[in-house]
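# A look at the structure
For reference, the chains in residue letters:
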Amino acid sequence: MAAVIEVSQLRKAYGANVVLENVSVNVQEGEVMVVIGPSGSGKSTLLRCLNGLETAQSGDIRIEGRSLMDKATKLTDIRTEVGMVFQQFNLFPHLTVLDNITLSPIKVRKQNPEQAKAKAIELLGKVGLSEKAGAYPNSLSGGQSQRVAIARALAMEPKIMLFDEPTSALDPEMVGEVLAVMKQLAKEGMTMVVVTHEMGFAREVADRVVFMEQGGIVEMGSPADIFEQPKQERTRAFLSKVL
Amino acid sequence: MDFRFDIIIDYLPLLMKGTLYTIGISLAGIVIGSILGLIISLGKMSARWYFNYPASIYINFFRGTPLLVQIFLVYYGLVPFILDTTDAIIAAIVALALNAAAYTAEIYRAGIQSIDRGQSEAAYSLGMTHAQAMRLVILPQAIRRMVPAFSNEFITLIKDSSLVAVITAPEIMYWSKAMAAQYSRVWEPYLAAALIYFILTYVLGKVLSYVERKV
């Protein structure tokens, strides 16, 4: 198996405030990596570095071998391969659900509109929202919005999907429907990096769990290792608070 | 006091012609100013100093100096400098457009910056370039929020266009002054001008608030 994401000795700081320090981690093709940790631990920042929404000061990130720190690498090329789902959904409110999904395939991937539309309808079926194609985002519930956002990211046919606390802004009864879509995606072999507070999801779906605190990786391992026999005291302290 | 409607009737054809000029000059001013304003606002929001410095200076100059002074500068300075001769209508349009550009630039900036950062991040994460994100995601949303401010600016511009009478652009105020001089009257010419401006801005206000509801 090849590492599709390679992060080495990443460091990021806002002035004197260090948000990532000496972070190194690889993600293999088809792997589901779940990143957990207290707020402010740098896990969202790490995720946002992976598609260039944030830039690090030093270290390296390689996506399928191409370095994000290399000026010659076009970020737009990387981003068409790396889909991202945000905590706040970030659907485009002026476009229908269908147009949200087809916008980038048509404008960036230069797909023909009919083909993009067919693909979008297929994806909406997959996330269980076929009947919402013509709806505007403001008429959707949080859970529906997030499922559309997942479909929108998938429409670009990314090789990697990043999830930044995808269920944190949802009412509790809607968390399940979003996690179900993510589980399905994991089962299909998508390479995923998920920042979440859903420990149940981490335990069930993750191939590897990474625990971060204060800008660094404290410990990583299989869900069984991390949840049943954490080696670090800090990991244990965190888990005792959230479980 | 006797009010001489007959001299207004006398001057009505000229006032109507002046009204067309007022509409034309204002329309050209707002259209050219809006295009220029978009470019200036993008400059102002740029992280590169050689874009945002000139844009800031431009906006500060045109918002910080009287329009009348700008009109003189354009009529006696800028237009002769470029054309070797001057022309009241061209100068009027240029001065109003340059002035409106400064104000619309700030309207664009406020509108664009009012759109949540998550929107551009989502656009980037889908592989869009900065220009695509702006054109396909940010501006369509921002323009809706800008419409009320644009309406205000357009109405202000119509009223301000009366200033170009001083450089002999043959619009409403120019003919009112001519009428006042010819008959040595005060109330008729200027009340007539006031009424025409009021009708113009009132009708435009209604049209624009209809547009606001539509978008």
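Residues numbered from 1 in each chain as written. Chains lettered and ligands numbered in written order. Predicted model: local features only at pLDDT ≥ 70, side-chain atom pairs only at ≥ 80, totals over all residues. Heavy atoms only, no water.

Side-chain direction in a regular strand flips from residue to residue, so the side chains alternate between the two faces of the sheet. Residues and elements named next belong to chain A. Where burial is concerned, most of strand S9 (residues 208-213) is hidden: six out of the six residues are buried. Here four bridges tie strand S3 (residues 32-36) to S9, and the two strands are oriented parallel to one another. Across the sheet, the residue bridging to Ile36 is Phe211, located in S9. Pairing of S9 with strand S10 (residues 216-221) involves five bridges; the strand directions are antiparallel. Of the residues in S10, the one forming a bridge with Glu213 is Gly216. Hairpin connection of S9 to S10: two residues between the antiparallel strands, including Gln214 at a positive phi of 50°. (Buried < 20%, exposed > 50% of the residue type's maximum accessible area, 1.4 Å probe, protein only. Helix = DSSP H or I, 4+ residues; strand = E, 2+ residues; numbered from the N terminus. Pairing = 2+ DSSP bridges.)

What follows is about the interface of chain A and chain B. On the side of chain B, 19 residues touch chain A, which itself brings 22 residues to the contact. Between chain A and chain B, a total of about 1,700 Å² is buried, with carbon and sulfur atoms accounting for 62% of that surface. Counting the surface chain A buries against chain B, the share from its top three residues, Arg79, Phe92 and His94 of chain A, is 31%. Inspection of the region where chain A meets chain B yields one salt bridge. Arg48 of chain A is the partner of Glu121 of chain B in a salt bridge, and the nearest nitrogen-oxygen pair spans 2.7 Å. Applying the counting rule to chain A against chain B returns six residue pairs in polar contact (both at pLDDT 80 or more). Elements supplying a minimum of two residues to the side of chain A that touches chain B: helix H2 (75-81), strand S6 (82-85), helix H3 (97-107) and helix H5 (142-154) of chain A. Residues belonging to the side of chain A that touches chain B are distributed by class as follows: 11 nonpolar, six polar and five charged. (Contact = heavy atoms within 4.5 Å. Buried area = accessible area lost by both parts, 1.4 Å probe. Salt bridge = Lys/Arg side-chain N within 4 Å of Asp/Glu carboxyl O. Polar contact = N/O pair within 3.5 Å; in protein donor to acceptor, adjacent residues only side chain to side chain. Nonpolar A, V, L, I, M, F, W, Y, C, P; charged D, E, K, R; others polar.)

One non-glycine residue, Asn22 of chain A, lies in positive phi territory at about 50°. You can see Asn22 of chain A is positioned in strand S2 (residues 17-28). Positive phi values are uncommon outside glycine, yet Ser184 of chain B reaches one of about 50°. With respect to the secondary-structure elements, Ser184 of chain B resides in the loop between helix H7 (172-183) and helix H8 (187-214).

In the numbering adopted here, UniProt assigns the feature "domain: ABC transporter" (unreviewed entry) to residues 5-239 of chain A. Between the C-alpha atoms that bound residues 5-239 of chain A the distance is 27 Å, and the span itself is 38% helix and 26% strand. (UniProt positions renumbered as here; feature names shortened; annotations may be inferred.)

Okay, the UniProt feature "domain: ABC transmembrane type-1" (unreviewed entry) in chain B next. Taking the numbering used here, the UniProt-annotated feature "domain: ABC transmembrane type-1" (unreviewed entry) corresponds to residues 19-208 of chain B. From the first C-alpha to the last, residues 19-208 of chain B spans 19 Å; its make-up is 84% helix and 0% strand.

Residue and element names in this part refer to chain B. Running from N to C, helix H1 (residues 5-45) and H8 cross one another at 40°; their axes reach a closest spacing of 11 Å. Compared by their axis directions, H1 and H8 come out oblique. Along this stretch, H1 crosses H8, giving a crossing that reads as right-handed. From H1, Ile7, Ile8, Leu15, Met16, Thr19, Thr22 and Ile23 reach across to H8, where they touch Glu188, Ala192, Ile196, Tyr197 and Leu200. Its residues assigned to classes, the contact of H1 with H8 comprises nine nonpolar, two polar and one charged. (Axes fitted to C-alpha atoms, helices over the stretch in contact; angles between N-to-C directions. Parallel < 35°, antiparallel > 145°, perpendicular 65-115°, else oblique. Left-handed = near helix turned anticlockwise from the far one by under 90°.)

What follows covers the pattern of salt bridges. Two side chains with opposite charge may pair up if their charged atoms get near one another. For the coordinates displayed, the defined rule picks out 22 salt bridges over all chains. Taking the shortest distance from any N to any O, the salt bridge between Asp60 of chain A and Arg62 of chain A comes out at 3.1 Å. By relative accessible area, Arg62 of chain A is classed as partly exposed at 33%. The closest approach of N and O atoms between Asp2 of chain B and Arg185 of chain B, which form a salt bridge, is 3.9 Å. Of this pair, Asp2 of chain B sits in the segment before H1 while Arg185 of chain B sits in the loop between H7 and H8; the two residues are 183 residues apart in sequence, bridging distant segments of the chain. Residue Arg185 of chain B is classed as partly exposed on the basis of its relative accessible area, which comes to 21%. Salt bridges sharing partners connect three or more residues here, namely Lys12, Arg48 and Glu54 of chain A together with Arg117 and Glu121 of chain B.

In this section: helix H3 (residues 67-83) of chain B. Residues lying three or four places apart along an α-helix face the same way, a consequence of the helix completing one turn every 3.6 residues. All names here are of chain B. Of all the bends in H3, the largest measures some 40° and sits at Val74. Residues Leu67, Gln70, Ile71, Val74, Tyr75 and Val79 constitute the buried set of H3. Those residues of H3 that are buried lie in contact with helix H2 (49-64), helix H4 (88-113) and helix H6 (130-160). (Bend = angle between axes of the 7 residues up to and from the residue.)

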